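Residues per chain, in single letters:
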Amino acid sequence: MNQQSARYASLEQRVVFITGGGSGIGASLTRAFHHQGARVVLVDINDTASEALVDELRAETGAAPRYHHCDIRDVASLKQVIHATGQNVGPIHTLVNNAANDDRHSWREVDVAYWDERMSLNLRPMFFAAQAAAEQMIQAGGGSIINFGSVSVRMALGGLPLYVTAKAAIHGLTRSLARDLGQYNIRVNTLVPGAVMTERQLEKWIGPDDEAAIQARQCLKLRLEPQHIAPTALFLASAESQAMTGQELSVDAGWG
Ligand SMILES: NC(=O)c1ccc[n+]([C@@H]2O[C@H](COP(=O)([O-])OP(=O)(O)OC[C@H]3O[C@@H](n4cnc5c(N)ncnc54)[C@H](O)[C@@H]3O)[C@@H](O)[C@H]2O)c1
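Anyway, here's the lowdown on the structure attached to this text. Here the structure is a predicted model, which means the values were calculated and not measured. (Residues numbered from 1 in each chain as written. Predicted model: local features only at pLDDT ≥ 70, side-chain atom pairs only at ≥ 80, totals over all residues. Heavy atoms only, no water.)

### Observations regarding helix α5 (residues 124-140)
Step number 1: With 17 residues, α5 should cover 24 Å at 1.5 Å per step; its first-to-last C-alpha distance of 25 Å lies within 8% of that length.
Step number 2: At alanine 134, α5 shows its largest bend, some 30°.
Step number 3: Close packing links the buried residues of α5 with α3 (75-88), β4 (92-97), α4 (112-122), β5 (143-148), α7 (161-181) and β6 (186-193). (Helix = DSSP H or I, 4+ residues; strand = E, 2+ residues; numbered from the N terminus. Expected span 1.5 Å × (residues − 1). Bend = angle between axes of the 7 residues up to and from the residue. Contact = heavy atoms within 4.5 Å.)

What follows is the structure in structure tokens.
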């Protein structure tokens, strides 16, 4: 957190559970919540990146987030880590459903097994993590669930229809859960990143020409980076957004 970053007293000591918190935007979320004094638990499959992040934050602050290896396609294991978090760390206040995978695929080549696998990663865990964490939030008197959507839905991007389908469904998930959980003071919102220049995006999909084309269409001529996304997640978790639920917030530098 730099010196200009907002400080949210309501996040101090809060238990924050982040999927895919070990790299990319997730690492920035882990750092940001940790620096707010929250008790962060992250799950990921990238042990090297996640453990390095934990070590970095321990060295920097003297405290460390807790990392668990968990493939979120395995719902039983995801629910088990959420349950253990409630028992060992405290009731989850904020669930950040961040992990996803945007691998490209041809619409011709998709078969049922691939469809199911993509949904098991990009959509299904969001519901089951919310289902499990909501029980702890109810006990604790409220909470915040932040589901990560994608600008690809609005831009109607091709070459990855299953990813875009899952990301579109997240808007319905957010709105419906916001209705069901509002009575328990649990808020559910969608955070919609634009084209964020993570390591993976730059390695796999976005070359200099693509980046220039994206910036040409952004209102703001900046390189969108993970640290531009995390502050909005902090806000959505904090008491400052206590009357906001069922919303979609885009952080995309005005890409359109
Ligand atoms: N980067 C972008 O431009 C962009 C744009 C729109 C939306 N998003 C969304 O933002 C979120 C974060 O994206 P990102 O770009 O940081 O992605 P990323 O691929 O860089 O990071 C995703 C993280 O999730 C982890 N992960 C992947 N599969 C997992 C699994 N099965 N179980 C547990 N963890 C797993 C990865 O190891 C990684 O740490 C995603 O929901 C993504 O769809 C990103």
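### Let's talk about the site of the ligand
Step number 1: Looking at the ligand, there are 27 residues lining it, with Ile25, Asp44, Asn98, Tyr163 and Val196 nearest.
Step number 2: Here a nitrogen atom of the ligand and a backbone polar atom of cysteine 70 are 3.5 Å apart. (Near = heavy atom within 4 Å. Polar contact = N/O pair within 3.5 Å; in protein donor to acceptor, adjacent residues only side chain to side chain.)

### Let's talk about the packing of α4 against α7
Step number 1: Their axes nearest at 10 Å, the elements α4 and α7 cross at an angle of 40°. When the axis of α4 is compared with that of α7, the two are oblique. The chirality of how α4 crosses α7 is right-handed. Of the residues in α7, those touching α4 at Tyr114, Trp115, Arg118, Met119 and Asn122 are Leu162, Tyr163, Thr165, Ala166 and Ile170.
Step number 2: Here the residues of the contact of α4 with α7 sort into 7 nonpolar, 2 polar and 1 charged. (Axes fitted to C-alpha atoms, helices over the stretch in contact; angles between N-to-C directions. Parallel < 35°, antiparallel > 145°, perpendicular 65-115°, else oblique. Left-handed = near helix turned anticlockwise from the far one by under 90°. Nonpolar A, V, L, I, M, F, W, Y, C, P; charged D, E, K, R; others polar.)

### A look at the nonpolar core
Step number 1: In terms of nonpolar packing, the biggest core is built from 29 residues, with Phe17, Ile82, Leu95 and Ile145 touching the most fellow members.
Step number 2: Secondary structure elements with two or more residues in this core: β1 (15-19), β2 (39-44), α3, β4, α5, α7 and β6.
Step number 3: Examining the composition of this core, we find that 7 residues originate from one element, α5, more than from any other.
Step number 4: When residues no more than four places from it in sequence are discounted, the contact partners of isoleucine 82 are Phe17, Ile92, Ala129, Ala132, Ala133 and Gln136.
Step number 5: One finds Leu11, Ala38, Leu42 and Phe148 within the second-largest nonpolar core, a separate group that totals 28 residues. (Core = buried A, V, L, I, M, F, W, Y, C linked by side-chain atoms within 4.5 Å. Buried < 20%, exposed > 50% of the residue type's maximum accessible area, 1.4 Å probe, protein only.)

### Some details on the pattern of salt bridges
Step number 1: The tally for this structure, following the rule as stated, stands at 13 salt bridges.
Step number 2: For arginine 73, the salt bridge identified is with glutamate 117, shortest N-O distance 2.8 Å. Placement of arginine 73 in the loop between β3 (66-69) and α3 and of glutamate 117 in helix α4 is noted, with a sequence separation of 44 residues between them. (Salt bridge = Lys/Arg side-chain N within 4 Å of Asp/Glu carboxyl O.)

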